[in-house]
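Observations on the three-dimensional arrangement
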Amino acid sequence: MSKPLPYSMKDLHYDNAKFRHRSLFKVISQSLFTSNLKRDCTSCSTGKFLLVLLIFGLVYLMLTHTRPARSLSNELAEGVITTEELKVIDNSSRFRRFWRKPPRLPPRFSPDEKGGNSSSIREPKKINAGSEWIDRQHSVKEAFIHAWSGYKKYAMGYDELMPLSQHGIDGLGGLGATVVDALDTAMIMGADDIVSEAGSWIETHLLDRISQKGQVNLFETTIRVLGGLLSAYHLSGGEQGMNPTTKGPRPIVYLEIAKKLADCLLSAFTASPTPIPFSDVVLRDSSAHPAPDGLSSTSEVSTLQLEFNYLSSVSGDPKYGMEAMKVLEHFRTLPKVEGLVPIYISPHSGDFSGENIRLGSRGDSYYEYLIKVWLQQRTSNESNLTYLYDMYEEAMKGVRHLLVRKSIPNGLVFVGELPNGLTGSFSPKMDHLVCFLPGTLALGATKGVTKEKAMKENLLTFEDLENLKLAEDLAKTCFEMYSVTSTGLSPEIAYFHTEGYYEGGLDGGNKSSKYLNDIIIKHADRHNLLRPETVESLFTLYRITEDPKYQEWGWQIFEAFEKYTKVDSGGYTSLDDVTTLPPHRRDKMETFFLGETLKYLYLLFGDSSVIPLDKFVFNTEAHPLPIKGY
């Protein structure tokens, strides 16, 4: 269908001065031949002479005015005209400019007609928007540098920074987790000084730490430290990966340390009587044991495979990937509830324990890694992991059927829990951790390409479209969990007003929010730990849908972090209560704020060609690993 004209067809047939220019010849000739001047002038010879002279003059002006709009410089170069002719043309153009009438104003378009054409009108907006997002991306980089400066000054070598009391703590086994978690973020941002500082510390100290330290959690150490080392290996040029950075140690240093760490962590698998690994490892003697209650978290044992698979690929030793993949192969054989699984599993029996089903803590990344491990390995000829995609699809159908509800009065879509399984009651509780799901759903739908490309190439099934719609609805809810509070930051846990559940007096504090009565925040759940899950999903959805609203939402969240969590002396801090102003500060900067939250915000505001989603998968700690074959 052709674009609408800025006027009606009727106007084409009339000399309507609002829309169309009338020629000077037509104006004068109409006046002459439709007035008494015609009779008076033509009755005398002088009048006839003047009329003829006027007509010839008008014809000359018309001929010179309608010269084809071709470049004179091109004609001169081609020999079509001479230099002398060019001077004559130039003089005539000056003459025309002298007689030229002032231009008419352009017509006023209707609202429907404005969007149809003229990209040049919108181009300045695009340029300004691009410049604005570059500035915003730079603001995130500055925040990262500020966070690192506090850590470096007060806690270098410790796992985490206590920014208010200005010291470090070892809450993750003493491996300098913040250093490793932050390294690939610095590489992506081009923060070369931080790359050099972090890389030098890793090269100098980390091997000794691995040999001397005691107990660490298998899951946390794998996703933060092992994942960080492997991502740094690739981004610094290992295996002909990304353009090698000029700062920091050689890529092989990161790989050798990763192998040493993974060799210790393997004891969690080999010490267990089943394919389900123990939860804890003692590094200095490579021993392992279960948690005090004897159980492992479902998400923890099933969120190791991306890292171990990639290590096998780059080291040439298949033992890492083989041990980790046994877990998912075992999960394939276990009974499920419409693809959903309980949050605990026994490494002694290999069976699930209890009936608690949720996509929050201890359940979340099981579903994330089903699709991501399949994406990582799907181009490999030697592996047949279709079962992982089938398990993912079945689980997402189960989520839509059993866990998705809408709040009242305004219909926010959320994912609840089944604390007592299928036969128990539904709980309208949603952890902030569940906000990983919109990004995972979108990634699973398009496999990392844009929605536009997937639609054009007919790549989306009905299930994909359903999942993509749910992803966008849930991302809206996750954002409203931020905007409903006084600080603009999300609580750790929210409940939703439904027909069967409501508690008054527990709103988020932002009285102007439309969803004030939809979201319930209990006193024990009002803290904020600088978590990344919502901005992770905003990043993924922006890359896939290309809808700029996700960037705007991300910027609002970043501004709230800047306003309420930034510590002047360096670093950022968790909050105790996001519903009150000023919020009480908790004195803890988690490693994932540098490793995930700021990384996803930086990528959200930047070019989509950086770490493209069809060539990389991010582990659950936001460390990008290349998809096999790329």
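Definitions and limits used
- Residues numbered from 1 in each chain as written.
- Predicted model: local features only at pLDDT ≥ 70, side-chain atom pairs only at ≥ 80, totals over all residues.
- Heavy atoms only, no water.
- Core = buried A, V, L, I, M, F, W, Y, C linked by side-chain atoms within 4.5 Å.
- Buried < 20%, exposed > 50% of the residue type's maximum accessible area, 1.4 Å probe, protein only.
- Helix = DSSP H or I, 4+ residues; strand = E, 2+ residues; numbered from the N terminus.
- Contact = heavy atoms within 4.5 Å.
- Axes fitted to C-alpha atoms, helices over the stretch in contact; angles between N-to-C directions.
- Parallel < 35°, antiparallel > 145°, perpendicular 65-115°, else oblique.
- Left-handed = near helix turned anticlockwise from the far one by under 90°.
- Salt bridge = Lys/Arg side-chain N within 4 Å of Asp/Glu carboxyl O.
- Nonpolar A, V, L, I, M, F, W, Y, C, P; charged D, E, K, R; others polar.

The protein chain appears in an unreviewed UniProt entry as Alpha-1,2-Mannosidase from Melia azedarach.

**Some thoughts on the nonpolar core**
Core analysis: the biggest nonpolar cluster contains 159 residues, and I202, L206 and F308 have the highest contact counts within it. Ranked by residue count, the leading element in this core is helix α17 (residues 386-403), at 10 residues. Beyond its immediate stretch of four places on either side in the chain, I202 contacts V179, V180, L183, L229, Y254 and I257. Judged by nonpolar contacts, the second largest core, of five residues, contains Y495, Y501, L506 and I520.

**Examining the packing of helix α14 (residues 305-315) against helix α16 (residues 364-377)**
Remark: α14 packs on α16, axes separated minimally by 10 Å, with the N-to-C direction vectors making an angle of 20°. Of the possible angle classes, the one that applies to α14 and α16 is roughly parallel. At the point where α14 passes α16, the crossing takes the right-handed sense. Of α16, the residues touching α14 (which contributes Q305, L306, E307, N309 and Y310) are Y369, K372, V373, Q376 and Q377.

**Some remarks on the pattern of salt bridges**
Under the criterion given, the structure shown has 25 salt bridges. The salt bridge involving E480 is made with K476; its shortest N-O contact spans 2.7 Å. Here the residue E480 and the residue K476 both occupy positions in helix α20 (residues 462-483), the gap between them amounting to four residues, near one helical turn. With a relative accessible area of 28%, K476 lands in the partly exposed category. Note that K615 and D614 form a salt bridge whose closest N and O atoms lie 3.8 Å from each other. The exposure class of K615 is partly exposed, given its relative accessible area of 33%. Through salt bridges with shared partners, a single network forms among E132, R136 and E552.

**Some words on the packing of α20 against helix α22 (residues 549-565)**
At a closest axis distance of 10 Å, the pairing of α20 and α22 adopts a crossing angle of 20°. Relative to α22, α20 is oriented roughly parallel. Regarding α20 and α22, the two cross each other, and that crossing is left-handed. Residues E472, A475, K476, F479 and Y482 of α20 lie in contact with α22, whose contacting residues are K549, Y550, W553, Q556 and I557. Taken together, the residues of the contact of α20 with α22 break down into six nonpolar, one polar and three charged.

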